Amino acid sequence: MTGLMHPLATVPQDQLVARAEADPHRPRFHFVSPAGWLNDPNGVSQWNGTYHLFYQYNPEGAFHHRILWGHATSTDLVTWLDQPVALEPSEGPDGDGCWSGVLVNDGGTPTLVYSGRSGERELPCVAVGSPDLLTWTKAPENPVISAPPAGVDVTAFRDHCVWREGSGWRQLVGSGVRGRGGTAFLYASDDLRAWNYVGPLFIGDASAGDPAATDWQGTMWECVDLFRAGAGTLGDGADGGNAQVDALVFSAWDDGDTRHPLYWTGRYSGDSFTPRQLHRLDYGGRYYYAPQSFSDESGRRVMFGWLQEGRTDEAMVEAGWSGVMSLPRVATLDATGELVLAPVPEIESLRYGHVRLGPQALGGFTMLDGIDGNQLDLELDLELEPGSVFRLGVLGTPTGTGDMTEETVIEVGCQASEGSAGSYLRLDRTRSSLDTSVDIEELSGPVALPDGGLRLRVIVDHSALEVFANGKPLTARAYPTLGGGSVRLSATGPVRLRQLDAWRMEDVFDGPRQLFP
Ligand code: DQQ
């Protein structure tokens, strides 16, 4: 621990875990840090069968400062075991923080590439792990790249994507070219220590579109993540749907503002990426930030993201914890060349207390009897007629008159006719909480409803909410004050519920956790 305590470290460290555990908003089947602050997923991987989740961690309190790498392992992607802190700042290039990075297999040696922070400077560093990945030794060569590319005025320079290519290594470092847009700089190396600058993978255009738009590219790209997404279309129809599609995922950042995760589809070849289409990765924007993915031993592309808080900095500090890791998601490519996201099926092992409803027509409010609470997994199969709207209220507190004092509403609307506004998914949090200090901004995005068909998955874990509508995710946070967990359905216009399956979900942590396990 640092000798000097941060002014926000107002909760004594020995009380942080108990404080965090007592918070009704704390998720029980999503990964959260033992207490204190959590942000980006790092070094996500599977090594000899075991899944590793490292994360940006401040055990001093629920604020972003002097970041370490927390570490947890899992054999099933469901339950997690806390492991000792993997990386901690030390005198040198990471003296002020061990920021985001990745894990690679260097000929059998687990190796981390991360951003060391010293003052305002962030530079790539390397650490080598013991065979069990529990102890890490920093490379004497750190920083392994001594400065951003010469002659380029960069907005920032951090976060890494590293892969084996041919007989060498390649690395992307997230950045932005001032006055132009976000970018990822490409480097090559034989040994992960000496890197040659290749060039920008490509440079985004920050002047394209409205900076307030939900798909604005930002002035810097954080947490760049390049991977082969599968065979599909690059969008021009000329490829017959059989083109190799690569995805470049990044988190659009601007001047300290974490905006939203986006991805380009296109083709990585040679030393550059030819972008074809830009998409939103999650309609929750900053509530699913800094995602990182890996290919697991079965070949699935598994992705984690950071669910930021929607409450004030003071409320986080008071709560003793901040930040939730998303459930791991599998990413696949659909026929239109867009990513489809779904929680890994392993999560279903937490389900109990099954209730089924349908088939039936929906109209006014239908309460979901037999299932309520704030740890739920709901699967709905619906059919919407053009112009109709379906609503699912969760985390509701009944008043006794049929109304809800608090309620978080997921809404899906079906396009009325050709040429009218398209079908959409929307989250209405205006009545989520009586606490007026929490964020209630509306979140939404387009969703295709072929023949009116909608597969909706809604996962509620206290303040964490993950919604998937025909594979389009919307992640958010909600902070009801009354503790209600009612669920109800309603529709305007003809909506048919083919089937609803609902389950309660088990906790994944038992027993008290430790800040430093
Ligand atoms: N958070 C990290 C950075 C990254 C940002 C610092 C994204 O490495 O750019 O904790 O949330």
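Asker: Just to check I follow, could you spell out the overall build of the chain for this structure?
Answerer: Of regular secondary structure, the chain possesses two helices and 35 strands. For 517 residues, the compact-globule estimate of 2.2 N^0.38 gives 24 Å, and the C-alpha radius of gyration of the chain, at 23 Å, lies within 12% of that figure. In terms of overall dimensions, the chain has a C-alpha envelope of 65 × 60 × 40 Å along the principal axes. For the chain, the exposed surface amounts to about 19,300 Å²; the carbon and sulfur share of it is 49%.

Asker: What is the right way to look at the site of the ligand in this model?
Answerer: Residues in contact with the ligand, as listed here, are Asn39, Asp40, Gln56, His64, Trp99, Ser100, Arg158, Asp159, Glu222, Tyr289 and Trp306. The contact in question runs from an oxygen atom of the ligand to an N or O atom on the side chain of Gln56, over 2.5 Å. One of the side-chain N or O atoms of Glu222 is found 2.5 Å from an oxygen atom in the ligand. Elements supplying a minimum of two residues to the shell around the ligand: strand 1 (36-47), strand 5 (97-106) and strand 9 (154-165).

Asker: Before we go on, may I ask you to explain the sheet that holds strand 6 (residues 109-118) in this structure?
Answerer: Within a beta sheet, neighbouring strands are joined by backbone hydrogen bonds and run either parallel or antiparallel to one another. With antiparallel pairing, four strands are arranged side by side in an open sheet as 5-6-7-8. Unpaired on one side and paired on the other, strand 5 and strand 8 (136-138) mark the two borders of the sheet. Neighbouring strand axes in the sheet, compared pairwise and without regard to direction, differ in orientation by 30 degrees on average. When strand 5 meets strand 6, the two strands line up antiparallel, connected through nine bridges. Looking across to strand 6, one finds that Asn105 is bridged to Pro110.

What counts as what
- Residues numbered from 1 in each chain as written.
- Predicted model: local features only at pLDDT ≥ 70, side-chain atom pairs only at ≥ 80, totals over all residues.
- Heavy atoms only, no water.
- Helix = DSSP H or I, 4+ residues; strand = E, 2+ residues; numbered from the N terminus.
- Rg over C-alpha atoms; globule rule 2.2 N^0.38 Å.
- Areas by Shrake-Rupley, 256 points an atom, 1.4 Å probe, with all protein chains shown as cover.
- Near = heavy atom within 4 Å.
- Polar contact = N/O pair within 3.5 Å; in protein donor to acceptor, adjacent residues only side chain to side chain.
- Pairing = 2+ DSSP bridges.
- Axes fitted to C-alpha atoms, helices over the stretch in contact; angles between N-to-C directions.

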